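Each chain, letter by letter, is given below.
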Amino acid sequence: MTADTKDSASFSVAAKVKDYFQLIKFTLSFTVVFSCVVCYLLAPKVVEYDLGMIVVLFIAGMLVTGSANAINQAVEKDTDAMMKRTGKRPVANGRMKQQEAYVFALIAGLLGVAMMWYFFNLSSALLSAFSLFLYAYIYTPLKKINSIAVLVGAFPGALPCLIGWVAGNDDFGAGGWILFGIQFLWQFPHFWAIAWVAHSDYSKAGFKLLPSDLGPTKFTALQAVMYSVLMIPVGILPYYFGLTGETSMWIVIAANLFMVVQSIRLYKEMDVKAARRVMFSSYIYLPIVLLALLADKIK
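The rules behind these values
Throughout this description, residue numbers start from 1 for each chain and increase along the sequence as written. For a predicted model such as this one, the threshold for reporting local features is a pLDDT of at least 70, and the threshold for listing and counting side-chain atom pairs is 80 or more; totals across whole chains, interfaces and linings nevertheless cover every residue. To get the side-chain values, take all heavy atoms of the structure and skip hydrogens and water. Each helix corresponds to a stretch of at least 4 residues labelled H or I by DSSP, and each strand to a stretch of at least 2 residues labelled E; elements are numbered beginning at the N terminus. Polar contacts, as used here, are pairs of N or O atoms within 3.5 Å; protein pairs need one atom able to donate a hydrogen and one able to accept it. Residues neighboring in sequence count only if both atoms are side-chain atoms. The contact definition used throughout considers only heavy atoms, calling two residues in contact when any of these lie within 4.5 Å. For a helix, the expected span equals 1.5 Å multiplied by the number of residues minus one. In this analysis, a patch consists of residues with relative accessible area above 30% that form no salt bridge, clustered at 9 Å for like charges and at 5 Å for the nonpolar side chains Val, Leu, Ile, Met, Phe, Trp and Tyr. Surface accessibility in these figures is a Shrake-Rupley result with a 1.4 Å probe; residues are shielded only by whichever protein chains are displayed. Definition used for salt bridges: Asp or Glu carboxyl oxygen within 4 Å of a side-chain nitrogen of Lys or Arg. Only Phe, Tyr and Trp rings take part, Trp by its six-membered ring, and two of them pair if their centres are within 6.5 Å. Stacked means planes under 30 degrees apart, edge-to-face means over 60, and tilted covers everything else. Note on classification: 1.4 Å probe, protein chains only; a residue is buried when its accessible area is under 20% of the maximum for its type, exposed when over 50%, partly exposed between these limits. Our definition puts a charge over a ring when NZ of Lys or CZ of Arg is within 6 Å of the ring centre and also within 35 degrees of the ring normal.

Asker: Whenever I open this one, the side chain of Asp296 confuses me. Can you help?
Answerer: Inspection of the secondary structure assignment puts Asp296 in the segment after helix H13 (272-295). At 3.4 Å, the side chain of Asp296 forms a polar contact with the backbone nitrogen of Thr247. Residues within four places of Asp296 in sequence aside, it is in contact with Leu243, Thr244, Gly245, Glu246, Thr247 and Ser248.

Asker: Is there a simple way to explain helix H12 (residues 246-269) in this structure?
Answerer: Residue pairs three or four apart in sequence face the same way in an α-helix, which turns once every 3.6 residues. Taking 1.5 Å as the rise per residue, H12 with 24 residues should run 34 Å; its terminal C-alpha atoms sit 35 Å apart, in good agreement. Buried positions along H12 lie against helix H9 (174-197), helix H11 (218-240) and H13. Looking one or two places after H12, you find Met270, whose phi comes out positive at around 55 degrees.

Asker: In this structure, what is going on with a nonpolar patch on the surface? I would like to understand it.
Answerer: Together, Ile251, Phe258, Phe280, Tyr283, Ile284 and Ile288 make up a nonpolar patch on the protein surface, roughly 560 Å² of accessible area in all. Elements that contribute at least two residues to the nonpolar patch include exactly H12 and H13. The element contributing the most residues to the nonpolar patch is H13, with four residues. Within the element layout of this structure, Phe280 appears in helix H13.

Asker: Looking at this model, I keep getting lost on the environment of Trp196. Mind explaining?
Answerer: Mapped onto the fold, Trp196 is located in helix H9. Distance in space between the C-alpha atoms of Trp196 and Thr220 is 8.7 Å, their sequence separation being 24 residues. If near-sequence neighbours (up to four positions away) are discounted, Trp196 is found in contact with Leu210, Pro216, Thr217, Thr220, Ala221, Leu266, Met270, Asp271, Val272 and Ala275.

Asker: Help me out: how do you make sense of the packing of aromatic side chains in this one?
Answerer: Here the distance between the centres and the angle between the planes together describe a pair of aromatic rings. For the coordinates displayed, the defined rule picks out 19 aromatic pairs. Measuring from centroid to centroid gives 4.9 Å for Phe21 and Phe26, while their planes differ by 40 degrees, and the two rings are tilted. Relative to Phe180, the ring of Phe155 lies with its centre 6.2 Å away and its plane at 40 degrees, an arrangement referred to as tilted. Remark: Phe180 occurs in helix H9 and Phe155 occurs in helix H8 (residues 149-169); sequence separation between them is 25 residues. Take Phe155: its relative accessible area is 37%, and that puts it in the partly exposed class. Exposure remark for Phe180: the relative accessible area of 10% places this residue in the buried category. Members of the aromatic cluster, each reached through a chain of ring pairs, are Phe155, Trp177, Phe180, Phe184, Phe188, Trp192 and Tyr227. Across the ring face of Phe207, the terminal group of Lys143 is positioned such that the distance to the ring centre comes to 4.6 Å. Over the ring of Tyr267 we find Lys218; its NZ or CZ atom is 4.2 Å from the centre of that ring.

Scope: geometric values only; no functional claims are made or implied.
Quick look at the structure:
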């Protein structure tokens, strides 16, 4: 093998790896799995942080989430190709065939669910499979039909928190549902801010993701404010139910108030710049809240 051939082979492998990272939406998947792992560690029965089990949960979570994202990209190949922000994805761009994405999704999904069952419990495995199905086969096609897709999509978006709790505690206790509720409500200002910024792209592809058919309106901004306000009482529940201490409660309240302020600014200013502030605020909100809860866990 010549040096040029070796370089060409190395380049091809690197390009294929990059395509798969894009196929699973690595950054998004990492964020989803991060919440799952933290909620696993928050479970009262998890008293020792076993690095091996954390790694296993992370891998299983990435496989399940990556499978859902691969199906999403295979299904939305044509619409992704219409949009600037998604046009370079491997399936949309033609670098990867739909069939390859589906095969990967099948293998990754089955392996991820099997790992959840083998290493943790059947309940967490079934929840993982349900979340994958709900995201890939209900939320994904619904995006072109009605904006209720955002509500439907918020369920698989928040289920990783419950999955993590169930994996660690082997029950469907109040703590798991509280963590589910925090991430469930968070998704509305987060996603509507993204949909506001990318409205022209989404409209071109036929996606209906804002609560108003008229696009970015006062009604959309008001919805973001409403859900941000609802996050405040739900954020107090981990302390109320004795999962975490008082310090994290105040951190969560402060983070929630910050989200409310940014959403109110969106309502007042009604522009893309304000929507971006809500979007970036939501990105930093989740790790701050989850890590604060974990650091203040009552053992």
